[in-house]
Amino acid sequence: MTVRGGDASAPAETALPDAELHAEGFRKTREAQRSALAEDYVELIADLIECGQEARQVDIAARLGVAQPTVARMLDRLAAEGLVYRKPYRAVFLTDAGRRIAEESRERHQTVVAFLRSLGVSADTARVDAEGIEHHVSAETLDAFRRALAKGG
């Protein structure tokens, strides 16, 4: 096994993983980055609708901190992917597939927030940190978070 700096006597934790395993980690990260934005949008749209509001482009832009043309482009992409639909002069709505993704994303987010809170992280920091973690955490790690939470951890 190759180690950083080429020193075979270096501690195991500094050793590079097998190239295929290493590449798989980077592939998963790139895949998570591609889907993270879509997940954020559909989750926000679901939240707005469930709070009794319409998911309007202007509201989405304000809550995501982006310009309305950015939202318009993403909504076009999400519509092409079959996750949202729009009605003229109305808000944005989720398809069944969009609702499923929103629910899965929300559940991952809530699990990550609960786990971070169980570690003593403040509510605000846990909420913000979970926004990034939720898209990159594996099913195995989420299960470990759930088991730790179930144990009162």
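Before reading further, recall that the structure is shown in the block above.
Criteria and cut-off values
- Residues numbered from 1 in each chain as written.
- Predicted model: local features only at pLDDT ≥ 70, side-chain atom pairs only at ≥ 80, totals over all residues.
- Heavy atoms only, no water.
- Helix = DSSP H or I, 4+ residues; strand = E, 2+ residues; numbered from the N terminus.
- Buried < 20%, exposed > 50% of the residue type's maximum accessible area, 1.4 Å probe, protein only.
- Contact = heavy atoms within 4.5 Å.
- Salt bridge = Lys/Arg side-chain N within 4 Å of Asp/Glu carboxyl O.
- 1 Å grid on protein atoms, 1.4 Å probe; cavity = no way out; pocket = protein on both sides within 12 Å on 5 of 7 lines; lining within 4 Å.
- Points joined across faces, edges and corners; volume = space filled by probe spheres on them.
- Nonpolar A, V, L, I, M, F, W, Y, C, P; charged D, E, K, R; others polar.
- Phe/Tyr/Trp six-rings, centres within 6.5 Å; stacked < 30°, edge-to-face > 60°.
- Lys NZ or Arg CZ within 6 Å of the ring centre and 35° of its normal.

Peer 1: Residue-level account of the side chain of Arg108, with values.
Peer 2: In this structure, Arg108 sits in helix H4 (residues 96-118). Given a relative accessible area of 15%, Arg108 falls into the buried group. The contact partners of Arg108, leaving out residues within four places of it in the chain, are Glu39, Glu134, His135 and Leu142.

Peer 1: Could you give an account of the pattern of salt bridges, with specific residues and numbers?
Peer 2: Within this structure, the stated rule accounts for ten salt bridges. Here Arg146 ties to Glu107 by a salt bridge, and the two come within 2.8 Å at their closest N and O atoms. Residue Arg146 is found in helix H6 (residues 139-150), and its partner Glu107 is found in helix H4; the two are separated by 39 residues along the sequence.

Peer 1: I'd like a rundown of the layout of surface pockets, residues and numbers included.
Peer 2: By volume, the second largest pocket amounts to about 230 Å³. Contributing to the lining of the second largest pocket are Asp40, Glu43, Leu44, Asp47, Arg63, Leu64, His109, Arg127 and Glu131. A per-element tally of the lining of the second largest pocket places helix H1 (residues 19-50) first, with four residues. Tallied by class, residues from the lining of the second largest pocket come to two nonpolar, one polar and six charged.

Peer 1: Which residues make up helix H2 (residues 57-64), and what values do they have?
Peer 2: Structurally, the α-helix is built with 3.6 residues per turn, so residues lying three or four positions apart point the same way. Looking at H2, one finds that the buried residues are Asp59, Ile60 and Ala61. Immediately downstream of H2, the backbone of Gly65 shows phi near 70°, a positive value.

Peer 1: Requested: an account of the packing of aromatic side chains, with residues and values cited.
Peer 2: In total, this model carries two aromatic pairs according to the counting rule given. Considering the side-chain rings of Tyr85 and Phe93, the 5.5 Å spacing of their centres and the 25° angle between planes classify their relative orientation as stacked. For Phe93, a relative accessible area of 18% corresponds to the buried category. A centroid spacing of 3.9 Å and a plane angle of 5° characterise the contact between Phe115 and Phe145, whose relative ring orientation is stacked. Here the residue Phe115 occupies a position in helix H4, and Phe145 occupies one in helix H6, the gap between them amounting to 30 residues. Looking at Phe115, the relative accessible area reads 16%, which means it is buried. Here the guanidinium or amino end of Lys87 rests over the ring plane of Phe93, the centre of that ring lying 5.1 Å away.

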